[in-house]
Amino acid sequence: DQPHVQKEQAKHAFEGGDDEALDFYHRALKIYEKFYPRDHPDIAICLNNIAVILKKQESYDEALKLYEQALKIYEKHYPTDHPNTATTLFNISSIYEHFNKPKVALDFQKRALKIYETYLPVENPDRQSVEQSIRRLTANDWWLITNCTLATGLVAFDVRYGTKRSMDIHAV
């Protein structure tokens, strides 16, 4: 029953806005840290929720740090294919996408999808989000073009192998 109460409180905090939700989760984290060891899964859930809000507020570095802490806790206490691990992997991938590191983001997304494929049906929205994101990152024959230019043209990175090559781009 307690998780249900916490979920309802969190819902009301989110309805009050990001600042209220962030305050709620920081208070919850302090309480959890008094009663649980630092690597307890409830602390990881709280860290993940704080990171979600920080990402919305564009505090990407801080959000990444909290996502990574949550992931370490999940990986220590849960089986390797736990859904919370998949969610956090996908959350981390979104930060790396923001940092314009598509290969790193794709690696995290593939790990998340592998877990989701174990537990979730094809029509599940979480699984579909990961699949859609992977398709987006691997579009255009697996080449991602950066905004770096060389004398010979643009530099493209092959996501499959992490290699780069020069490409001549011609105007039409």
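Presented here is a report on the structure given in the accompanying data block. (Residues numbered from 1 in each chain as written. Predicted model: local features only at pLDDT ≥ 70, side-chain atom pairs only at ≥ 80, totals over all residues. Heavy atoms only, no water.)

### Focus: the packing of helix α6 (residues 102-119) against helix α7 (residues 125-137)
Thought 1: Relative to each other, α6 and α7 sit at 145°, their axes nearing to 9 Å. Pair α6 / α7 crosses with left-handed handedness. When α6 is examined against α7, the residues P102, A105, L106, Q109, K110, L113, Y116 and E117 are found in contact with a partner set consisting of D126, R127, V130, E131, S133, I134 and L137.
Thought 2: Classifying every residue of the contact of α6 with α7 gives 8 nonpolar, 2 polar and 5 charged. (Axes fitted to C-alpha atoms, helices over the stretch in contact; angles between N-to-C directions. Helix = DSSP H or I, 4+ residues; strand = E, 2+ residues; numbered from the N terminus. Left-handed = near helix turned anticlockwise from the far one by under 90°. Contact = heavy atoms within 4.5 Å. Nonpolar A, V, L, I, M, F, W, Y, C, P; charged D, E, K, R; others polar.)

### Considering the environment of I134
Thought 1: In this structure, I134 sits in helix α7.
Thought 2: For the pair I134 and L106, spaced 28 residues apart in the sequence, the C-alpha separation amounts to 6.4 Å.
Thought 3: Apart from the residues lying within four places of it in its own chain, the contact partners of I134 are L106, Q109, K110 and L113.

### Looking at the side chain of Q109
Thought 1: Following the sequence through the fold, Q109 ends up in helix α6.
Thought 2: If we ignore the near neighbours within four places in the chain, the residues touching Q109 are F90, S93, E97, V130, S133, I134 and L137.

### Looking at the pattern of salt bridges
Thought 1: In the structure shown here, the tally under the stated rule is 8 salt bridges.
Thought 2: A salt bridge links E97 to R136; the shortest N-O distance between them is 2.6 Å. Here R136 lies in helix α7 and E97 lies in helix α5 (residues 83-98), a separation of 39 residues in the sequence.
Thought 3: One salt bridge in this structure joins K103 and D107, with 3.7 Å as the shortest N-O distance. With K103 and D107 both in helix α6 and 4 residues apart, the pair spans about one turn of that helix.
Thought 4: With a relative accessible area of 33%, K103 lands in the partly exposed category. (Salt bridge = Lys/Arg side-chain N within 4 Å of Asp/Glu carboxyl O. Buried < 20%, exposed > 50% of the residue type's maximum accessible area, 1.4 Å probe, protein only.)

### What to know about helix α3 (residues 41-56)
Thought 1: The terminal C-alpha atoms of α3 lie 23 Å apart, and with 16 residues this matches the ideal 22 Å at 1.5 Å per residue to within 8%.
Thought 2: Where α3 is concerned, the buried positions are P41, I43, A44, C46, L47, N48, N49, I50, A51, I53 and L54.
Thought 3: Directly after α3, the chain includes E58, whose backbone phi takes a positive value near 65°. (Expected span 1.5 Å × (residues − 1).)

### A word on the packing of aromatic side chains
Thought 1: Counted by the stated rule, this structure contains 6 aromatic pairs.
Thought 2: Judged by centre distance (5.0 Å) and plane angle (75°), the rings of F24 and Y25 are edge-to-face. You'll find F24 and Y25 in the same group, each marked buried.
Thought 3: Between Y74 and Y78 the ring centres are 5.5 Å apart and the planes differ by 15°, which places this aromatic pair in the stacked class.
Thought 4: Grouping aromatic residues by their ring pairs yields a cluster made of Y60, Y96, F99 and F108. (Phe/Tyr/Trp six-rings, centres within 6.5 Å; stacked < 30°, edge-to-face > 60°.)

By themselves, these observations are geometric and do not establish any function.
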